[in-house]
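This is what each chain is made of:
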Amino acid sequence: MIAKQPDSKKQGFATRAIHAGQEPEPATGAVNVPIYASSTYVQEEIGKHKGYEYSRVSNPTRDRLETNLAALEGGVASKVFASGMAAINAVASMLKAGDHIVAGHNLYGGTPRLFNQVLVNFGLTFTYVDTSDLSKVENAFQKNTRLVFVETPTNPLMELCDLRAISELSHRHRAEVVVDNTFMSPYFQRPIELGADLVVHSTTKFLNGHSDGLGGVVVCTKPEQAEKLAFLQKAAGAILSPFECWLILRGVKTLAVRMLQHDCNGRRVADYLSKHKKVRKVFYPGLPDHPQHELAKRQMSGFGSMIAFETGSLANANKMLRKVRVCSLAESLGGVETLISHPATMTHAALGEAGRRKIGITDGLVRISVGIEDVDDILADLDQALAAT
Ligand SMILES: *Cc1c(COP(=O)(O)O)cnc(C)c1O
(Lines give C-alpha, C1' and ligand atoms only; values in the text may rest on other atoms or scores of the structure.)
Protein backbone atom coordinates (compact mmCIF):
# COMPACT_ATOMS: atom_id res chain seq x y z
CA MET A 1 0.00 0.00 0.00
CA ILE A 2 2.84 2.40 0.79
CA ALA A 3 4.79 3.13 -2.39
CA LYS A 4 8.30 3.97 -1.21
CA GLN A 5 9.84 2.45 1.91
CA PRO A 6 13.25 4.06 2.43
CA ASP A 7 15.67 2.08 4.57
CA SER A 8 14.82 3.78 7.83
CA LYS A 9 17.70 2.07 9.71
CA LYS A 10 20.19 4.32 7.89
CA GLN A 11 18.39 7.53 8.73
CA GLY A 12 18.77 9.78 11.73
CA PHE A 13 16.26 9.84 14.57
CA ALA A 14 14.44 13.04 13.63
CA THR A 15 14.12 11.87 10.01
CA ARG A 16 12.67 8.54 11.12
CA ALA A 17 10.26 10.29 13.47
CA ILE A 18 8.92 12.37 10.57
CA HIS A 19 9.05 9.76 7.78
CA ALA A 20 8.97 6.16 9.08
CA GLY A 21 5.42 4.93 8.48
CA GLN A 22 4.53 8.54 7.61
CA GLU A 23 5.00 8.22 3.83
CA PRO A 24 2.49 10.18 1.71
CA GLU A 25 -0.80 8.40 1.15
CA PRO A 26 -0.60 6.74 -2.33
CA ALA A 27 -4.18 7.32 -3.55
CA THR A 28 -4.16 11.14 -3.19
CA GLY A 29 -0.62 12.15 -2.25
CA ALA A 30 -1.80 13.51 1.12
CA VAL A 31 1.35 14.32 3.09
CA ASN A 32 -0.26 13.24 6.34
CA VAL A 33 -1.43 9.73 7.20
CA PRO A 34 -5.24 9.79 6.92
CA ILE A 35 -7.47 8.80 9.81
CA TYR A 36 -9.07 5.64 8.47
CA ALA A 37 -12.34 5.88 10.37
CA SER A 38 -13.72 2.57 9.20
CA SER A 39 -14.71 -0.39 11.32
CA THR A 40 -14.84 -2.74 8.33
CA TYR A 41 -13.48 -3.14 4.79
CA VAL A 42 -15.28 -4.28 1.65
CA GLN A 43 -14.31 -7.67 0.18
CA GLU A 44 -14.40 -8.55 -3.54
CA GLU A 45 -15.32 -12.15 -2.94
CA ILE A 46 -15.11 -14.55 -0.02
CA GLY A 47 -11.65 -14.22 1.49
CA LYS A 48 -10.44 -11.66 -1.10
CA HIS A 49 -9.58 -8.28 0.43
CA LYS A 50 -6.80 -5.71 0.53
CA GLY A 51 -5.29 -6.93 3.80
CA TYR A 52 -7.88 -5.39 6.09
CA GLU A 53 -11.07 -7.06 7.34
CA TYR A 54 -12.09 -5.50 10.65
CA SER A 55 -10.50 -2.65 12.62
CA ARG A 56 -10.07 -4.46 15.93
CA VAL A 57 -7.69 -6.73 13.97
CA SER A 58 -5.98 -4.04 11.93
CA ASN A 59 -6.40 -0.50 10.71
CA PRO A 60 -4.18 1.41 8.25
CA THR A 61 -3.65 4.42 10.55
CA ARG A 62 -2.69 2.08 13.38
CA ASP A 63 -0.32 0.13 11.11
CA ARG A 64 1.50 3.34 10.21
CA LEU A 65 1.93 4.31 13.86
CA GLU A 66 3.18 0.83 14.75
CA THR A 67 5.76 1.05 11.95
CA ASN A 68 6.87 4.46 13.16
CA LEU A 69 7.28 3.59 16.84
CA ALA A 70 9.16 0.36 16.05
CA ALA A 71 11.60 2.40 13.95
CA LEU A 72 12.16 4.91 16.78
CA GLU A 73 12.95 2.27 19.40
CA GLY A 74 14.90 0.03 16.98
CA GLY A 75 12.51 -2.92 17.33
CA VAL A 76 11.19 -5.32 14.68
CA ALA A 77 7.56 -4.32 15.25
CA SER A 78 5.31 -2.57 17.72
CA LYS A 79 1.70 -2.91 18.80
CA VAL A 80 -0.35 -0.02 20.17
CA PHE A 81 -3.04 -0.16 22.84
CA ALA A 82 -5.71 2.11 24.32
CA SER A 83 -3.45 3.38 27.12
CA GLY A 84 -0.10 2.73 28.73
CA MET A 85 -1.81 0.47 31.25
CA ALA A 86 -3.49 -1.52 28.45
CA ALA A 87 -0.04 -2.01 26.89
CA ILE A 88 1.43 -3.24 30.19
CA ASN A 89 -1.58 -5.50 30.70
CA ALA A 90 -1.01 -6.94 27.21
CA VAL A 91 2.61 -7.74 28.09
CA ALA A 92 1.45 -9.55 31.23
CA SER A 93 -1.21 -11.39 29.19
CA MET A 94 1.61 -13.02 27.21
CA LEU A 95 2.34 -15.02 30.38
CA LYS A 96 0.32 -17.74 32.06
CA ALA A 97 -0.76 -18.66 35.59
CA GLY A 98 2.21 -19.78 37.66
CA ASP A 99 4.68 -17.41 35.99
CA HIS A 100 6.72 -15.03 38.12
CA ILE A 101 7.75 -11.43 37.43
CA VAL A 102 10.59 -9.53 39.06
CA ALA A 103 9.64 -5.85 39.12
CA GLY A 104 11.28 -2.63 40.20
CA HIS A 105 10.10 -1.43 43.62
CA ASN A 106 9.55 2.12 42.43
CA LEU A 107 7.33 2.02 39.34
CA TYR A 108 4.56 4.21 37.99
CA GLY A 109 1.81 3.79 40.62
CA GLY A 110 -0.67 2.19 38.22
CA THR A 111 1.69 -0.66 37.40
CA PRO A 112 1.85 -2.25 40.88
CA ARG A 113 -1.91 -1.57 41.20
CA LEU A 114 -2.47 -3.71 38.07
CA PHE A 115 -0.04 -6.36 39.29
CA ASN A 116 -1.22 -6.55 42.92
CA GLN A 117 -4.95 -5.95 42.58
CA VAL A 118 -5.74 -7.59 39.23
CA LEU A 119 -3.11 -9.93 37.88
CA VAL A 120 -2.41 -11.81 41.13
CA ASN A 121 -6.00 -13.08 40.83
CA PHE A 122 -4.96 -14.84 37.63
CA GLY A 123 -2.03 -16.70 39.15
CA LEU A 124 0.87 -14.41 38.28
CA THR A 125 3.30 -13.72 41.11
CA PHE A 126 5.54 -10.72 41.68
CA THR A 127 8.69 -9.86 43.61
CA TYR A 128 9.61 -6.19 43.96
CA VAL A 129 13.25 -5.19 44.27
CA ASP A 130 15.46 -2.15 44.11
CA THR A 131 16.62 -2.66 40.52
CA SER A 132 19.52 -0.23 40.97
CA ASP A 133 21.14 -3.02 43.05
CA LEU A 134 22.06 -5.90 40.74
CA SER A 135 22.56 -8.41 43.57
CA LYS A 136 18.99 -7.80 44.75
CA VAL A 137 17.72 -8.50 41.24
CA GLU A 138 19.85 -11.67 41.08
CA ASN A 139 18.44 -12.92 44.40
CA ALA A 140 14.85 -12.40 43.25
CA PHE A 141 14.97 -14.91 40.39
CA GLN A 142 12.96 -18.10 40.75
CA LYS A 143 12.71 -21.13 38.48
CA ASN A 144 9.44 -19.75 37.08
CA THR A 145 10.64 -16.14 36.53
CA ARG A 146 9.67 -15.12 33.01
CA LEU A 147 9.95 -11.35 33.05
CA VAL A 148 11.95 -8.59 34.66
CA PHE A 149 9.97 -5.34 34.53
CA VAL A 150 11.88 -2.10 35.11
CA GLU A 151 11.63 1.65 34.77
CA THR A 152 14.70 3.83 34.51
CA PRO A 153 14.76 6.53 35.69
CA THR A 154 12.00 5.67 38.13
CA ASN A 155 8.90 7.67 38.88
CA PRO A 156 9.21 9.93 40.87
CA LEU A 157 12.55 9.32 42.61
CA MET A 158 14.64 9.23 39.42
CA GLU A 159 16.65 6.15 40.36
CA LEU A 160 18.41 4.44 37.48
CA CYS A 161 19.16 0.83 36.76
CA ASP A 162 21.88 -0.46 34.48
CA LEU A 163 19.95 -1.83 31.50
CA ARG A 164 22.87 -3.66 29.92
CA ALA A 165 23.75 -5.43 33.18
CA ILE A 166 20.11 -6.27 34.00
CA SER A 167 19.60 -7.66 30.49
CA GLU A 168 22.68 -9.89 30.70
CA LEU A 169 21.69 -11.13 34.14
CA SER A 170 18.08 -11.80 33.13
CA HIS A 171 19.05 -13.65 29.97
CA ARG A 172 21.31 -15.91 32.02
CA HIS A 173 18.20 -16.76 34.05
CA ARG A 174 16.14 -17.22 30.84
CA ALA A 175 13.91 -14.28 31.67
CA GLU A 176 13.01 -11.44 29.31
CA VAL A 177 13.48 -7.77 30.18
CA VAL A 178 10.68 -5.26 29.75
CA VAL A 179 11.57 -1.59 30.08
CA ASP A 180 8.97 1.13 30.60
CA ASN A 181 10.77 3.89 28.70
CA THR A 182 8.07 6.55 29.12
CA PHE A 183 10.24 9.06 31.02
CA MET A 184 13.10 9.24 28.54
CA SER A 185 11.39 8.52 25.21
CA PRO A 186 13.43 6.77 22.51
CA TYR A 187 15.09 10.09 21.77
CA PHE A 188 17.22 9.90 24.93
CA GLN A 189 17.25 6.17 25.74
CA ARG A 190 16.88 3.07 23.56
CA PRO A 191 16.71 0.01 25.82
CA ILE A 192 16.70 -2.50 22.92
CA GLU A 193 20.23 -1.38 21.98
CA LEU A 194 21.23 -2.26 25.56
CA GLY A 195 19.69 -5.75 25.48
CA ALA A 196 16.03 -5.29 26.48
CA ASP A 197 13.49 -7.70 24.94
CA LEU A 198 10.42 -5.46 25.03
CA VAL A 199 9.91 -1.73 25.51
CA VAL A 200 6.66 -0.19 26.67
CA HIS A 201 5.52 3.41 26.70
CA SER A 202 2.60 5.39 27.82
CA THR A 203 2.40 7.34 24.54
CA THR A 204 0.15 9.69 26.52
CA LYS A 205 3.36 11.36 27.70
CA PHE A 206 6.37 12.51 25.61
CA LEU A 207 5.62 10.52 22.42
CA ASN A 208 2.32 12.27 21.86
CA GLY A 209 3.59 15.26 23.78
CA HIS A 210 0.54 17.51 23.75
CA SER A 211 -1.59 16.16 26.64
CA ASP A 212 -4.47 15.51 24.25
CA GLY A 213 -4.75 11.74 24.01
CA LEU A 214 -4.06 8.49 25.81
CA GLY A 215 -2.23 5.54 24.35
CA GLY A 216 0.31 2.81 24.94
CA VAL A 217 2.79 0.83 22.88
CA VAL A 218 4.80 -2.36 23.20
CA VAL A 219 7.89 -2.52 20.98
CA CYS A 220 9.12 -6.03 20.15
CA THR A 221 12.50 -7.51 19.32
CA LYS A 222 11.17 -10.82 17.96
CA PRO A 223 8.43 -11.51 15.39
CA GLU A 224 6.86 -14.10 17.76
CA GLN A 225 6.25 -11.37 20.35
CA ALA A 226 4.53 -9.19 17.74
CA GLU A 227 2.38 -12.14 16.66
CA LYS A 228 1.30 -12.79 20.26
CA LEU A 229 0.50 -9.12 20.81
CA ALA A 230 -1.43 -8.86 17.51
CA PHE A 231 -3.44 -11.83 18.69
CA LEU A 232 -4.09 -10.05 22.01
CA GLN A 233 -5.26 -6.93 20.15
CA LYS A 234 -7.73 -9.09 18.27
CA ALA A 235 -8.74 -11.34 21.16
CA ALA A 236 -8.86 -8.87 24.07
CA GLY A 237 -9.58 -5.73 22.04
CA ALA A 238 -7.79 -2.96 23.97
CA ILE A 239 -6.73 -1.32 20.70
CA LEU A 240 -5.94 2.34 20.01
CA SER A 241 -8.49 4.23 17.90
CA PRO A 242 -7.44 5.60 14.49
CA PHE A 243 -7.86 9.18 15.75
CA GLU A 244 -5.57 8.62 18.75
CA CYS A 245 -3.05 6.91 16.43
CA TRP A 246 -3.10 9.98 14.22
CA LEU A 247 -2.51 12.29 17.19
CA ILE A 248 0.63 10.34 18.07
CA LEU A 249 1.82 10.25 14.44
CA ARG A 250 1.47 14.02 14.50
CA GLY A 251 3.10 14.38 17.92
CA VAL A 252 6.20 12.30 17.15
CA LYS A 253 7.07 14.50 14.19
CA THR A 254 8.36 17.06 16.68
CA LEU A 255 9.67 14.59 19.26
CA ALA A 256 13.35 15.36 18.60
CA VAL A 257 13.04 19.15 18.91
CA ARG A 258 10.68 18.88 21.86
CA MET A 259 13.00 16.54 23.77
CA LEU A 260 15.97 18.85 23.18
CA GLN A 261 14.03 21.77 24.63
CA HIS A 262 12.60 19.67 27.50
CA ASP A 263 16.16 18.64 28.38
CA CYS A 264 17.49 22.18 28.12
CA ASN A 265 14.72 23.58 30.35
CA GLY A 266 14.97 20.56 32.69
CA ARG A 267 18.64 21.22 33.38
CA ARG A 268 17.98 24.89 34.11
CA VAL A 269 15.11 24.10 36.52
CA ALA A 270 17.10 21.36 38.29
CA ASP A 271 20.04 23.71 38.68
CA TYR A 272 17.80 26.46 40.06
CA LEU A 273 16.07 24.10 42.53
CA SER A 274 19.37 22.62 43.71
CA LYS A 275 20.53 26.13 44.76
CA HIS A 276 17.24 27.18 46.38
CA LYS A 277 17.50 27.41 50.18
CA LYS A 278 13.95 26.15 50.76
CA VAL A 279 14.46 23.02 48.65
CA ARG A 280 16.01 20.25 50.74
CA LYS A 281 16.83 17.79 47.99
CA VAL A 282 16.56 17.53 44.21
CA PHE A 283 16.22 14.25 42.34
CA TYR A 284 17.52 14.66 38.76
CA PRO A 285 20.04 12.40 37.02
CA GLY A 286 21.65 15.38 35.31
CA LEU A 287 22.94 16.81 38.59
CA PRO A 288 26.56 15.82 39.31
CA ASP A 289 25.59 14.78 42.87
CA HIS A 290 22.96 12.28 41.66
CA PRO A 291 24.28 8.90 42.86
CA GLN A 292 24.03 7.45 39.35
CA HIS A 293 25.10 10.48 37.34
CA GLU A 294 27.85 8.47 35.59
CA LEU A 295 25.43 5.69 34.59
CA ALA A 296 22.99 8.35 33.37
CA LYS A 297 25.66 9.83 31.10
CA ARG A 298 26.50 6.38 29.73
CA GLN A 299 23.01 5.01 29.27
CA MET A 300 21.04 8.04 28.12
CA SER A 301 21.90 10.79 25.65
CA GLY A 302 20.11 13.46 27.70
CA PHE A 303 18.63 13.82 31.17
CA GLY A 304 15.10 14.83 30.21
CA SER A 305 12.78 17.07 32.13
CA MET A 306 11.42 14.97 34.98
CA ILE A 307 12.53 16.33 38.35
CA ALA A 308 11.40 15.63 41.91
CA PHE A 309 12.24 17.81 44.89
CA GLU A 310 11.67 17.84 48.61
CA THR A 311 9.79 20.76 50.16
CA GLY A 312 9.90 19.31 53.68
CA SER A 313 6.20 18.73 54.43
CA LEU A 314 2.72 18.26 53.02
CA ALA A 315 1.87 21.79 54.16
CA ASN A 316 4.86 23.27 52.30
CA ALA A 317 4.04 21.28 49.19
CA ASN A 318 0.45 22.48 49.26
CA LYS A 319 1.44 26.11 49.90
CA MET A 320 3.64 26.10 46.84
CA LEU A 321 1.30 24.10 44.60
CA ARG A 322 -1.57 26.50 45.32
CA LYS A 323 0.55 29.39 44.05
CA VAL A 324 1.80 28.13 40.70
CA ARG A 325 0.46 29.97 37.64
CA VAL A 326 2.63 29.04 34.63
CA CYS A 327 3.01 25.48 35.90
CA SER A 328 -0.26 23.52 36.09
CA LEU A 329 -1.02 21.40 39.13
CA ALA A 330 -2.04 18.17 37.43
CA GLU A 331 -1.22 14.49 37.08
CA SER A 332 0.57 13.28 33.96
CA LEU A 333 3.78 14.44 32.32
CA GLY A 334 5.57 14.82 29.04
CA GLY A 335 3.38 17.54 27.55
CA VAL A 336 4.61 20.84 26.11
CA GLU A 337 3.18 22.57 29.18
CA THR A 338 4.88 22.34 32.57
CA LEU A 339 2.93 20.01 34.85
CA ILE A 340 3.60 19.87 38.56
CA SER A 341 2.20 17.20 40.87
CA HIS A 342 2.21 15.70 44.34
CA PRO A 343 3.10 11.97 44.10
CA ALA A 344 1.92 11.02 47.62
CA THR A 345 -1.68 12.05 46.96
CA MET A 346 -1.79 11.71 43.18
CA THR A 347 0.23 9.17 41.13
CA HIS A 348 1.38 7.09 44.11
CA ALA A 349 -1.68 7.25 46.37
CA ALA A 350 -2.50 3.60 45.62
CA LEU A 351 0.76 2.46 47.30
CA GLY A 352 -0.54 3.50 50.73
CA GLU A 353 1.51 5.38 53.31
CA ALA A 354 3.59 2.38 54.34
CA GLY A 355 4.31 1.47 50.72
CA ARG A 356 5.45 5.00 49.98
CA ARG A 357 7.60 5.23 53.10
CA LYS A 358 9.33 1.97 52.16
CA ILE A 359 10.64 3.41 48.89
CA GLY A 360 11.17 6.97 50.08
CA ILE A 361 8.22 8.94 48.69
CA THR A 362 7.54 11.59 51.33
CA ASP A 363 4.55 13.90 51.78
CA GLY A 364 6.76 16.88 50.97
CA LEU A 365 7.89 15.50 47.61
CA VAL A 366 6.84 17.46 44.52
CA ARG A 367 7.33 16.24 40.95
CA ILE A 368 7.69 18.51 37.98
CA SER A 369 7.52 17.69 34.29
CA VAL A 370 9.25 20.71 32.83
CA GLY A 371 7.58 21.88 29.63
CA ILE A 372 8.94 23.84 26.72
CA GLU A 373 7.71 27.31 27.67
CA ASP A 374 10.32 30.07 28.01
CA VAL A 375 12.40 28.76 30.86
CA ASP A 376 12.65 32.18 32.55
CA ASP A 377 8.87 32.20 32.95
CA ILE A 378 8.96 28.73 34.55
CA LEU A 379 11.75 29.80 36.91
CA ALA A 380 9.94 33.00 37.89
CA ASP A 381 6.78 31.01 38.60
CA LEU A 382 8.63 28.50 40.78
CA ASP A 383 10.39 31.35 42.56
CA GLN A 384 7.17 33.10 43.59
CA ALA A 385 5.52 29.78 44.53
CA LEU A 386 8.46 28.63 46.68
CA ALA A 387 8.45 32.00 48.45
CA ALA A 388 5.09 30.95 49.96
CA THR A 389 6.61 27.95 51.80
C1 LIG B 1 1.48 7.34 32.71
C2 LIG B 1 2.37 6.18 32.82
C3 LIG B 1 1.90 4.88 32.62
C4 LIG B 1 0.43 4.59 32.35
O5 LIG B 1 0.04 5.07 31.11
P6 LIG B 1 -1.48 5.54 30.78
O7 LIG B 1 -1.37 5.99 29.36
O8 LIG B 1 -1.84 6.61 31.75
O9 LIG B 1 -2.33 4.33 30.94
C10 LIG B 1 2.81 3.84 32.70
N11 LIG B 1 4.12 4.08 32.98
C12 LIG B 1 4.59 5.30 33.18
C13 LIG B 1 6.04 5.49 33.49
C14 LIG B 1 3.75 6.40 33.11
O15 LIG B 1 4.24 7.62 33.33
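Residues numbered from 1 in each chain as written. Predicted model: local features only at pLDDT ≥ 70, side-chain atom pairs only at ≥ 80, totals over all residues. Heavy atoms only, no water.

Moving on, we come to the packing of helix α10 (residues 255–275) against helix α14 (residues 375–386). Between α10 and α14, the least distance of the axes is 10 Å, while the angle of their chain directions is 30°. Taken together, the axis directions place α10 and α14 in an arrangement best described as roughly parallel. Taken as a pair, α10 and α14 cross one another with a handedness that is right-handed. When α10 is examined against α14, the residues Asn-265, Arg-268, Val-269, Tyr-272 and Leu-273 are found in contact with a partner set consisting of Val-375, Asp-376, Ile-378, Leu-379, Leu-382, Asp-383 and Leu-386. (Axes fitted to C-alpha atoms, helices over the stretch in contact; angles between N-to-C directions. Helix = DSSP H or I, 4+ residues; strand = E, 2+ residues; numbered from the N terminus. Parallel < 35°, antiparallel > 145°, perpendicular 65-115°, else oblique. Left-handed = near helix turned anticlockwise from the far one by under 90°. Contact = heavy atoms within 4.5 Å.)

Around the ligand lies a shell formed by Ser-83, Gly-84, Met-85, Tyr-108, Glu-151, Asp-180, Thr-182, Ser-202, Thr-204, Lys-205, Gly-215 and Leu-333. In isolation the ligand offers 380 Å² of accessible surface; the protein chains occlude 94% of this area. For the shell around the ligand, the residue count by class is 3 nonpolar, 6 polar and 3 charged. (Near = heavy atom within 4 Å. Areas by Shrake-Rupley, 256 points an atom, 1.4 Å probe, with all protein chains shown as cover. Nonpolar A, V, L, I, M, F, W, Y, C, P; charged D, E, K, R; others polar.)

This paragraph deals with the pattern of salt bridges. Any two side chains of opposite charge can pair, so long as their charged atoms come close to each other. According to the stated counting rule, one finds 15 salt bridges in the structure shown. Between Lys-79 and Glu-66 there is a salt bridge; the shortest N-O distance is 3.5 Å. Of this pair, Lys-79 sits in strand β1 (residues 77–81) while Glu-66 is found in helix α2 (residues 60–73), placing the two residues 13 residues apart along the sequence. Note that Lys-275 and Asp-271 form a salt bridge whose closest N and O atoms lie 3.0 Å from each other. With Lys-275 and Asp-271 both in helix α10, this residue pair falls 4 residues apart, about one helical turn. Here Lys-275 falls in the exposed class, since its relative accessible area comes to 63%. (Salt bridge = Lys/Arg side-chain N within 4 Å of Asp/Glu carboxyl O. Buried < 20%, exposed > 50% of the residue type's maximum accessible area, 1.4 Å probe, protein only.)

With 5 of 5 residues buried, strand β7 (residues 216–220) is to be regarded as a mostly interior element. Burial along β7 is two-sided: the face carrying Gly-216, Val-218 and Cys-220 and the face carrying Val-217 and Val-219 are both buried. One ladder, built from 5 bridges, connects β1 with β7; its direction is antiparallel. Within β7, the residue paired with Ala-77 across the bridge is Cys-220. Here strand β6 (residues 198–202) runs beside β7; their pairing, made up of 5 bridges, is antiparallel. Residue Val-199 lies in a different strand from β7, and its bridge partner there is Val-219. (Pairing = 2+ DSSP bridges.)

With that out of the way, let us pick up the domain arrangement of the chain. Assigned domains within the chain: domain 1 (8–252) and domain 2 (256–386). For domain 1 and domain 2, the distance between their C-alpha centroids amounts to 26 Å. Counting from both sides, the interface comprises 39 residues of domain 1 and, opposite them, 39 residues of domain 2. Roughly 3,100 Å² of surface becomes buried between domain 1 and domain 2 when both sides are summed, with 64% attributable to carbon and sulfur atoms. (Domains from an automatic or database assignment. Buried area = accessible area lost by both parts, 1.4 Å probe.)

This next bit is on helix α4 (residues 110–117). Residues of α4 that are buried include every one of Gly-110, Thr-111, Pro-112, Leu-114 and Phe-115, and no others. On its buried side, α4 packs onto α3 (84–93), β2 (100–104), β3 (125–129) and β4 (145–151).

This next bit is on the nonpolar core. Counting residues in each nonpolar core, the largest one holds 64 residues, and the members touching the most others are Val-269, Leu-273, Ile-307, Phe-309, Met-320, Ile-340 and Leu-382. Both domains that meet at this core, namely domain 1 (8–252) and domain 2 (256–386), each give it at least three residues. Leave out the neighbours within four places in its chain, and Ile-340 touches Phe-309, Met-320, Leu-321, Val-324, Cys-327, Ser-328, Leu-329, Ala-330, Val-366, Arg-367, Ile-368 and Leu-382. Membership of the second largest hydrophobic core comes to 28 residues, among which are Phe-81, Ala-90, Ala-92 and Leu-232. (Core = buried A, V, L, I, M, F, W, Y, C linked by side-chain atoms within 4.5 Å.)

What follows covers the sheet that holds strand β5 (residues 176–180). Pairing is mixed in the open sheet, where 7 strands are placed in the order β1-β7-β6-β5-β4-β2-β3. Of all the strands in the sheet, just β1 and β3 have a single pairing partner and so form its edges. Across the sheet, the mean angle separating the axes of adjacent strands is 20° when strand polarity is ignored. The sheet strands contacting α2 are β1, β6 and β7, and the helix crosses β1 at an angle near 125°. Packing of α4 onto the sheet brings it into contact with β2, β3 and β4, and relative to β3 it is tilted by some 145°.

Mapped onto the elements, Leu-273 comes out in helix α10. Leu-273 sits 121 residues away from Thr-152 along the chain, and the two C-alpha atoms are 22 Å apart. Beyond its immediate sequence surroundings of up to four residues, Leu-273 is in contact with Val-279, Val-282, Ile-307, Phe-309 and Leu-386.

As a further point, take the packing of α2 against helix α9 (residues 242–252). Look at α2 against α9: their axes get within 9 Å of each other, and the N-to-C directions meet at 35°. Pair α2 / α9 crosses with left-handed handedness. The segment α2 lies against α9, with Thr-61, Arg-62, Arg-64, Leu-65, Asn-68, Leu-69 and Leu-72 engaging Pro-242, Cys-245, Trp-246, Ile-248, Leu-249 and Val-252. Residues that form the contact of α2 with α9 fall into these classes: 9 nonpolar, 2 polar and 2 charged.

To describe a pair of aromatic rings, you give the distance between the ring centres and the angle between the ring planes. Inspection of the entire model under this criterion finds 8 aromatic pairs. Judged by centre distance (6.5 Å) and plane angle (20°), the ring pair of Phe-126 and Tyr-128 falls under stacked. Seen from their ring centres, Tyr-284 and Phe-303 are 6.3 Å apart, and the 70° between their planes marks the pair as edge-to-face. Linking Tyr-284 in the loop between β8 (281–283) and α11 (293–299) with Phe-303 in the loop between α11 and β9 (306–310), this pair joins segments that are 19 residues apart in sequence. The pair Tyr-284 / Phe-303 is uniform in exposure class, with both members buried. Three or more aromatic residues joined by ring pairs form one cluster here, namely Phe-115, Phe-126, Tyr-128 and Phe-149. The residue whose ring lies beneath Lys-205 is Tyr-108, and the NZ or CZ to ring-centre distance is 5.1 Å. (Phe/Tyr/Trp six-rings, centres within 6.5 Å; stacked < 30°, edge-to-face > 60°. Lys NZ or Arg CZ within 6 Å of the ring centre and 35° of its normal.)

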